Amino acid sequence: MVPLRSRTYAACSGCSLCLLSCPVWRSTHDIRLTPHGRAKALQHGATANDLVESLDSCTLCGACEPACPESIDLVGMVTGLRGELAQQRGTKPSFDGMRPAPTGEISPPTMLIASQTLTENAALLQSIIQQLGGNVAIRVSSDSGTDISFALTEGLPIPEARIEHFLAPLKTTLRVIVADGRLFYALKNWLHGVTIASLGEALSALPKVREKLNDSDFYVIEPVAFHRDHERLISHYDSLRLASGCTMNLDLQRMAIPITASARHSGRVNADLQIRWMLEGRNPARIVVEDIADIAAFAHVTDTPVVHLANLL
Ligand code: SF4
Ligand code: SF4
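Quick notes on the rules
- Residues numbered from 1 in each chain as written.
- Chains lettered and ligands numbered in written order.
- Predicted model: local features only at pLDDT ≥ 70, side-chain atom pairs only at ≥ 80, totals over all residues.
- Helix = DSSP H or I, 4+ residues; strand = E, 2+ residues; numbered from the N terminus.
- Rg over C-alpha atoms; globule rule 2.2 N^0.38 Å.
- Buried ≥ 20, exposed ≤ 12 C-beta atoms within 10 Å, placed from the backbone.
- Contact = placed C-beta atoms within 7 Å.
- Domains from an automatic or database assignment.
- Pairing = 2+ DSSP bridges.
- Right-handed = clockwise from strand over helix to strand, strands pointing away.
- Near = placed C-beta within 6 Å.
- Nonpolar A, V, L, I, M, F, W, Y, C, P; charged D, E, K, R; others polar.
- Expected span 1.5 Å × (residues − 1).
- Arc of directions from axis to C-beta.
- Axes fitted to C-alpha atoms, helices over the stretch in contact; angles between N-to-C directions.
- Core = buried A, V, L, I, M, F, W, Y, C linked by C-beta atoms within 7 Å.
- Parallel < 35°, antiparallel > 145°, perpendicular 65-115°, else oblique.

K.L.:
Before we move on, could you go through the overall build of the chain and cite the residues and values that matter?
P.N.:
What the chain contains, in helices and strands, is 16 helices and eight strands. For 313 residues, the compact-globule formula gives about 20 Å, and the C-alpha radius of gyration of the chain, at 19 Å, lands near that figure. For the chain, the spread of C-alpha atoms along the three principal axes comes to 60 × 55 × 30 Å. Classification of the 313 residues of the chain by burial places 42% in the buried group. Once local pairs closer than 6 in sequence are excluded, the contacts in the chain between residues at least 24 apart make up 72%.

Have a look at this one:
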């Protein structure tokens with residue numbers, strides 16, 4: 001996969017700017033569990049085995065990457081080292097859909113790759129299909145790529161045949177909308193000639209959804225896709241913020257403050273702390289989230305109503 005940022009830990013100057021946006025740092029104040037800590041340890045000869053706890057703590061939210069002035073591939077650094085550990089341990093990932101790739105089938109103009117959580121929430125999924133579809137045919141892909149997302153998170157190799165199978169029905173569509181931030185980034189690298197949008201981006205681009213947002217809303221961007229396509233998506237969310245007057249989980253440097261409620265490696269992150277940080281000095285009438293997992297996370301901290309973006313209408 002082509003990394004967005006190609007420099008390695010060797011380029012780390014120790015400036016500590018990555019700490020400002022890292023939810024693990026905010027929760028633990030343990031420098032060993034941050035990009036700074038990992039990069040400096042590697043510069044001094046540490047191996048993946050020395051960094052097991054640190055590697056396990058990272059949620060891959062990506063908030064550190066736009067902050068890093070040295071353009072280091074900080075997410076790739078973690079997944080690469082996780083992959084080394086998995087190889088040493090002999091971890092054998094299992095992949096779905098290893099049948100031959102389907103051929104000859106023409107897909108509708110838009111396909112949605114729903115996450116497992118979304119698939120389990122039939123009412124919300126239906127609402128999303130209705131909003132995104134309008135007069136355009138949309139189909140939910142029968143292959144959610146959950147195993148691929150897992151492998152990307154853990155740095156595990158993915159067989160070419162599995163990738164081909166996953167991509168086959170997507171190659172004949174015009175637009176792919178993807179709920180999983182890790183898959184969003186991978187698809188940008190794997191699938192050319194097809195428009196790829198994150199679910200939050202696709203829903204928030206709809207005029208009928210945008211006009212329902214107002215200046216008393218607090219809008220929560222899903223961070224993984226946002227940080228991996230930061231330069232492009234900043235314009236999208238800036239225009240949404242200016243048009244609606246809503247506030248967002250963006251800090252001064254326009255990194256999206258992550259809750260990471262849906263991340264596999266979120267054990268070291270205090271989600272309540274992250275939410276209090278977001279809401280500090282703010283008193284929204286409504287909280288609008290892109291990630292379904294954030295609904296429960298907010299409900300744990302605040303009585304303010306929380307609604308998924310697809311349910312605004
Ligand atoms: S990806 Fe997120 S959790 Fe991991 S180091 Fe960067 S900011 Fe911290
Ligand atoms: S922001 Fe980049 S250069 Fe600065 S300490 Fe973090 S990883 Fe190193």
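K.L.:
With reference to specific residues and values, describe the domain arrangement of the chain.
P.N.:
Annotation of the chain at the domain level lists domain 1 (9-89), domain 2 (110-199) and domain 3 (206-311). Here the C-alpha centroids of domain 2 and domain 3 sit 22 Å apart. With 14 residues of domain 2 in contact, the opposing surface of domain 3 contributes 14 residues. When residues of the side of domain 2 that touches domain 3 are traced back to their parent elements, those giving at least two are helix 6 (116-120), helix 7 (122-133) and helix 10 (181-190).

K.L.:
An account of the pairing of strand 7 (residues 286-289) is requested, with residue identities and associated values reported.
P.N.:
Summarising the sheet, strand 5 (residues 217-220) and strand 7 pair through four bridges and their orientation is parallel. Looking across to strand 7, one finds that valine 220 is bridged to valine 289. For strand 7 and strand 8 (residues 306-308), the ladder comprises three bridges, and the chain directions are parallel. By the bridge assignment, valine 288 is partnered in strand 8 with valine 307. Crossover handedness for the path strand 7 to helix 16 (residues 293-299) to strand 8: right-handed.

K.L.:
Residues and numbers for the site of ligand 1, please.
P.N.:
Around ligand 1 sit 15 residues, and of these Cys22, Cys58, Cys61, Ala63 and Cys64 come closest. Contributing elements (two or more residues each) for the shell around ligand 1: helix 2 (23-28) and helix 5 (74-89). Considering only residue class, the shell around ligand 1 consists of 11 nonpolar, four polar and no charged.

K.L.:
With reference to specific residues and values, describe helix 7.
P.N.:
Side chains of residues three or four places apart in an α-helix project in the same direction, reflecting 3.6 residues per turn. Over its 12 residues, helix 7 extends 16 Å from the first C-alpha to the last, a length consistent with the 16 Å expected when each residue adds 1.5 Å. Within the span of helix 7, buried status applies to Leu125, Ile128 and Leu132. Looking down the long axis of helix 7, one finds its buried residues gathered within 60 degrees of arc, a one-sided arrangement. In helix 7, the exposed positions angled more than 90 degrees off the buried face are occupied by Ala122, Ala123, Gln126 and Gln130. Turning to helix 7, the residues buried within the fold contact strand 1 (110-113), helix 6, strand 2 (138-140), strand 3 (175-178) and helix 11 (199-204). Glycine 134 sits one or two positions beyond helix 7 and adopts a positive phi of about 55 degrees.

K.L.:
Tell me about the sheet that holds strand 4 (residues 195-198), and name the residues and values.
P.N.:
With parallel pairing, the four strands of this open sheet are ordered in space as 2-1-3-4. Each of the sheet's edge strands pairs with one partner strand only, and the pair in question is strand 2 and strand 4. The average undirected angle you get between the axes of adjacent strands in this sheet is 20 degrees. The sheet contacts of helix 7 involve strand 1, strand 2 and strand 3, and relative to strand 2 the element is tilted by about 150 degrees. Sitting on the sheet, helix 10 is in contact with strand 1, strand 3 and strand 4, with an inclination near 160 degrees to strand 4.

K.L.:
Any details on the nonpolar core? Residues and values, ideally.
P.N.:
If you look at the biggest cluster of nonpolar residues, it comprises 79 residues, and the most contacted ones within it are Ile113, Val176, Ile177, Val178 and Val288. Once you skip the residues sitting within four places of it in the chain, isoleucine 177 turns out to touch Thr110, Leu112, Leu132, Ala197, Leu199 and Ala202.

K.L.:
Now, about the site of ligand 2: what can you tell me, with residues and values included?
P.N.:
Close contacts around ligand 2 come from 15 residues, with Cys12, Cys15, Cys18, His36 and Cys68 the closest. Contributing elements (two or more residues each) for the shell around ligand 2: helix 1 (17-21) and helix 3 (35-43). Taken together, the residues of the shell around ligand 2 sort by class into 10 nonpolar, four polar and one charged.

K.L.:
I'd love a proper account of the packing of helix 8 (residues 146-154) against helix 10, names of residues and values included.
P.N.:
Across the interface, helix 8 lies against helix 10 with an axial gap of 9 Å and an inter-helix angle of 90 degrees. What the angle tells us is that helix 8 and helix 10 run roughly perpendicular. Counting all contacts with helix 8, which are made through Ile148, Ser149, Leu152 and Thr153, the residues of helix 10 involved are Arg182, Leu183 and Ala186. Among the residues making up the contact of helix 8 with helix 10, the classes are represented as four nonpolar, two polar and one charged.

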